[in-house]
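# Descriptive analysis of the structure
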Amino acid sequence: MTNITGGSADSAPPPPAPANPAPALAVAARRRSELAVRAASALCLAPFVLWGMWLGGAPLLALLTLAAGLALGEWAAMNVAAGPMRRPYIVAAAGVAAALMPLCAADPWWSLGALALGGVLAAVADPDRRLLAALGAPYVVVGCAALWVLAAGQEGRTALFYVVLAIWATDIGAY
């Protein structure tokens, strides 16, 4: 018997082996577990975020400052090289980001401090991730300061609610 290419059926490659479903099931179980953690944290944190946004002023500034510190700490954790100084760098980066955020909100020239912090993070990052580490500080700090400036404008809290709800919707939709 010959196949369409002119060769014999004996020379055809064997059919693929059935895929092992175990890795796919493990990934699905892990995603369900992550979804449960995300949903629980969202239910606990969303009221505080919405309350801080509603109040505006100092509570909103404190909320954005905390967010900047946590976000840059997470960014540093992903990009700083492993070693005994990793944890202190992460904590220091988060602390400096939290200190810079209100300053950037008050005066845009303080954004240069975020650029300097990015340079420090790049110096201690893995060689393959130096650019990512350098861009994290300005991205996080200036982004949080921009939310503060947006909220301070006319109809600012309404605009801030729309931005935050859009971010939440796209994050949930992407997951």
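This write-up is about the structure you can find in this document. (Residues numbered from 1 in each chain as written. Predicted model: local features only at pLDDT ≥ 70, side-chain atom pairs only at ≥ 80, totals over all residues. Heavy atoms only, no water.)

The next thing to look at is the overall build of the protein chain. Counting its secondary structure elements, the protein chain contains six helices and zero strands. Its helices and strands in sequence order give the protein chain the pattern α-α-α-α-α-α, from N to C terminus. Considering the protein chain as a whole, with its 175 residues, one finds that 24% of them fall into the buried category. Looking at the protein chain alone, contacts between residues at least 24 apart form 62% of all its contacts between residues at least 6 apart. Of the accessible surface of the protein chain, which amounts to about 11,500 Å², a share of 72% is contributed by carbon and sulfur atoms. (Helix = DSSP H or I, 4+ residues; strand = E, 2+ residues; numbered from the N terminus. Buried < 20%, exposed > 50% of the residue type's maximum accessible area, 1.4 Å probe, protein only. Contact = heavy atoms within 4.5 Å. Areas by Shrake-Rupley, 256 points an atom, 1.4 Å probe, with all protein chains shown as cover.)

Looking now at the packing of helix H2 (residues 57–79) against helix H5 (residues 130–152). The geometry of H2 relative to H5 is characterised by a closest axis approach of 9 Å and an angle of 165 degrees between their N-to-C directions. The angle between H2 and H5 places the two elements in the roughly antiparallel class. Of the two possible hands of crossing, H2 and H5 adopt the one that is right-handed. Across the interface between the two elements, Gly57, Leu60, Leu61, Leu64, Ala67, Ala68, Ala71, Leu72, Trp75 and Asn79 of H2 pack against Leu132, Ala133, Leu135, Gly136, Ala137, Tyr139, Val140, Cys144, Leu147, Trp148 and Ala151 of H5. Class assignment for the residues of the contact of H2 with H5 results in 18 nonpolar, three polar and no charged. (Axes fitted to C-alpha atoms, helices over the stretch in contact; angles between N-to-C directions. Parallel < 35°, antiparallel > 145°, perpendicular 65-115°, else oblique. Left-handed = near helix turned anticlockwise from the far one by under 90°. Nonpolar A, V, L, I, M, F, W, Y, C, P; charged D, E, K, R; others polar.)

With that settled, the discussion passes to a nonpolar patch on the surface. On the surface, Leu45, Phe48, Trp51, Trp54 and Leu55 cluster together into a nonpolar patch covering about 630 Å² of accessible area. With respect to the helices, strands and loops of the structure, Leu45 is situated in helix H1 (residues 22–55). (Patch = residues over 30% accessible without salt bridge, like charges linked within 9 Å, V, L, I, M, F, W, Y side chains within 5 Å. Salt bridge = Lys/Arg side-chain N within 4 Å of Asp/Glu carboxyl O.)

With that out of the way, let us pick up the nonpolar core. The biggest cluster of nonpolar side chains holds 29 residues, and the ones touching the most others in it are Leu60, Leu72, Ala76, Met101, Leu121, Val141 and Leu160. Of all the secondary-structure elements, those providing two or more residues to this core are H2, helix H3 (86–106), helix H4 (111–124), H5 and helix H6 (156–174). In this structure, Met101 is in contact with Leu61, Leu64, Thr65, Ala68, Val141, Cys144 and Ala145, ignoring residues within four places of it in sequence. (Core = buried A, V, L, I, M, F, W, Y, C linked by side-chain atoms within 4.5 Å.)

Here Thr65 is to be found in helix H2. For Thr65, the contacting residues outside a window of four places in its chain are Ala98, Met101 and Pro102.

What follows covers H6. Residue pairs three or four apart in sequence face the same way in an α-helix, which turns once every 3.6 residues. The end-to-end C-alpha distance of H6, which contains 19 residues, comes to 27 Å, matching closely the 27 Å that a straight helix rising 1.5 Å per residue would cover. Residues Gly156, Leu160 and Val164 constitute the buried set of H6. Down the axis of H6, the sector holding all buried residues measures 60 degrees, keeping them to one side. Projecting away from the buried face of H6 at angles above 90 degrees are the exposed residues Tyr162, Thr170, Ile172 and Gly173. (Expected span 1.5 Å × (residues − 1). Arc of directions from axis to C-beta.)

Keep in mind that most residues, glycine aside, have a negative phi and that most peptide bonds are trans. With a phi close to 55 degrees, Glu155 is a non-glycine residue in the positive phi region. Locating Glu155 in the fold gives a position in the loop between H5 and H6. Take Glu155: its relative accessible area is 56%, and that puts it in the exposed class.

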